[in-house]
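What follows is the residue order along each chain.
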Amino acid sequence: MTRILLIGPPGSGKGTQAHRLSGQLHIPEISTGDMFRSHLANGSPLGREIKEFLDAGNLVPDNLTTAMLRERLQERDARNGFLLDGYPRTVSQMDDLDGILDAAGTSLDAVVEITAHDDEIVRRLLLRSDAEGRSDDTEDVIRHRLELYRQETEPVIERYGRRALLVSVDGTADIDAVTVSALQGIEAVRARP
Ligand code: ADP
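Residues numbered from 1 in each chain as written. Predicted model: local features only at pLDDT ≥ 70, side-chain atom pairs only at ≥ 80, totals over all residues. Heavy atoms only, no water.

As recorded in an unreviewed UniProt entry, the chain goes by the name Adenylate kinase, listed as coming from Arthrobacter globiformis. Its UniProt record gives the chain the following Catalytic activity (unreviewed entry) comment, quoted word for word: "AMP + ATP = 2 ADP". Under the UniProt heading Subcellular location (unreviewed entry), the entry covering the chain gives this text: "Cytoplasm". (UniProt positions renumbered as here; feature names shortened; annotations may be inferred.)

Pasting the structure below:
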C-alpha cells in the first residue's frame with residue numbers, strides 16, 4: 001500500500017515520472033491536469049466550466065478540483081494506493097486531502113518534489129508546445145503558471161517538509177536518474193522514524 005504525491009513546477013517532468021513510478025510501484029496514476037484535459041476534450045459540463053481557467057493557466061477553483069479528486073479516490077483501484085500528480089496545489093487543497101484521507105483512515109507515505117530552474121522549464125515547455133499544441137504552453141501563460149506555482153504550491157511543499165514526508169529530486173538530471181532518485185527517496189522517507 002503506497003500513497004504518494006508528486007509535486008513540481010510545470011515542465012519539471014512530473015507527468016513522465018508519474019507514469020514511470022506508478023508502473024514500478026503498481027499503483028494508479030491520478031493526474032488532475034489529465035483529468036481536466038479529458039473533460040475539456042469530451043465537452044462535459046465540468047469541461048465547459050473549467051475551460052477558461054485552463055486556457056489562461058489559472059488554477060481551477062479548489063471546490064471543483066477537490067470534488068473531482070474525492071470521487072476519483074473512491075474508485076476501487078485507488079483504495080489500496082495511488083500516485084497523485086498535480087494535487088494538492090494549494091494549502092486549501094492540502095487540507096481537503098488531509099480530510100479525505102483521515103475519513104478513510106489512511107495517510108500519505110511520501111511526497112516527492114521534482115525541481116527545475118525557470119529557464120529550463122520555459123525551454124522545455126516551449127518545445128512541448130511545438131510538439132503537442134497545448135493551449136497553455138505559450139510563453140506568457142507558462143510564466144503565469146510558474147508564478148502561481150511559487151505563490152500557491154511552494155507553501156504546500158514547505159508544509160509537507162515540516163511533516164518529514166518530503167524528498168526533493170533534481171528534475172534536470174536524465175529521465176532514468178530522476179526515476180531512480182525518486183524511488184530511493186520514497187524508501188528513505190518510509191524508513192524515517
Ligand atoms: P502543469 O504542471 O504543466 O501546469 P498540469 O497538467 O498538472 O500541468 O495542469 C494543467 C492545468 O490544469 C493547470 O494549469 C490548472 O489549470 C489545472 N489544474 C491541474 N491540477 C489542478 C489543481 N490541483 N488545482 C487547480 N487546478 C489544477
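**Some remarks on the layout of surface pockets**
The calculated volume of the largest pocket comes to roughly 840 Å³. In terms of lining residues, the largest pocket is bounded by 36 residues, among which K14, R37, R89, R134 and R145 are the most central. When contributions to the lining of the largest pocket are tallied by element, the ones reaching two or more residues are α1 (14-25), β2 (29-31), α2 (32-42), α3 (45-56), α6 (118-132) and α7 (139-162). The element that contributes the greatest number of residues to the lining of the largest pocket is α2, accounting for five residues. Considering only residue class, the lining of the largest pocket consists of 10 nonpolar, 14 polar and 12 charged. Taken as a whole, the second largest pocket spans an internal volume of roughly 190 Å³. As for the second largest pocket, its lining consists of R3, R70, L73, Q74, A78, R79, F82, I100, L101, A104 and T106. (1 Å grid on protein atoms, 1.4 Å probe; cavity = no way out; pocket = protein on both sides within 12 Å on 5 of 7 lines; lining within 4 Å. Points joined across faces, edges and corners; volume = space filled by probe spheres on them. Helix = DSSP H or I, 4+ residues; strand = E, 2+ residues; numbered from the N terminus. Nonpolar A, V, L, I, M, F, W, Y, C, P; charged D, E, K, R; others polar.)

**A few points about the pattern of salt bridges**
Close approach of charged atoms allows side chains with opposite charge to pair. Tallied over the full model, the rule gives 18 salt bridges. Between D176 and R20 there is a salt bridge, with its nearest N and O atoms 2.9 Å apart. With D176 in helix α8 (residues 175-191) and R20 in helix α1, this residue pair connects regions lying 156 residues apart in the sequence. Two residues, D55 and K51, come together in a salt bridge whose shortest N-O distance is 2.7 Å. Linking D55 with K51, this pair stays in helix α3, spanning four residues, or about one helical turn. When salt bridges with common partners are traced through the structure, they connect R128, R134, D136, D137 and R145 into a single cluster. (Salt bridge = Lys/Arg side-chain N within 4 Å of Asp/Glu carboxyl O.)

**Digging into the UniProt feature "binding site: ATP" (unreviewed entry) in the chain**
The UniProt feature table records "binding site: ATP" (unreviewed entry) at G11, S12, G13, K14, G15, T16, R128 and A173. Of the residues annotated just before, the largest cavity has K14 among its lining. With respect to the helices and strands, S12 occurs in the loop between β1 (2-7) and α1. Inspection of the secondary structure assignment puts R128 in helix α6. Leaving out residues up to four positions away in the same chain, R128 has contacts with G133, R134, D137 and R145. (Contact = heavy atoms within 4.5 Å.)

**Re α2**
By the burial criterion, the buried members of α2 are T32, M35 and F36. The buried residues of α2 occupy an angular sector of 95° when projected down its axis, which confines them to one face. On its buried side, α2 packs onto β2, α3, α4 (62-73) and β3 (81-85). Backbone geometry just after α2 places G43 at a positive phi near 65°. (Buried < 20%, exposed > 50% of the residue type's maximum accessible area, 1.4 Å probe, protein only. Arc of directions from axis to C-beta.)

**Let's talk about the sheet that holds β3**
Strand order in this open sheet of five strands is β2-β3-β1-β4-β5, and the pairing throughout is parallel. Edge positions in the sheet fall to β2 and β5 (166-170), since each of these pairs with one other strand and no more. The sheet shows a mean angle of 20° between the axes of neighbouring strands, direction not considered. In the sheet, β1 pairs with strand β4 (residues 110-115) via four bridges, with the strands oriented parallel. Bridging across to β4, I4 finds its partner in A110. Packing of α2 onto the sheet brings it into contact with β2 and β3, and relative to β2 it is tilted by some 65°. (Pairing = 2+ DSSP bridges. Axes fitted to C-alpha atoms, helices over the stretch in contact; angles between N-to-C directions.)

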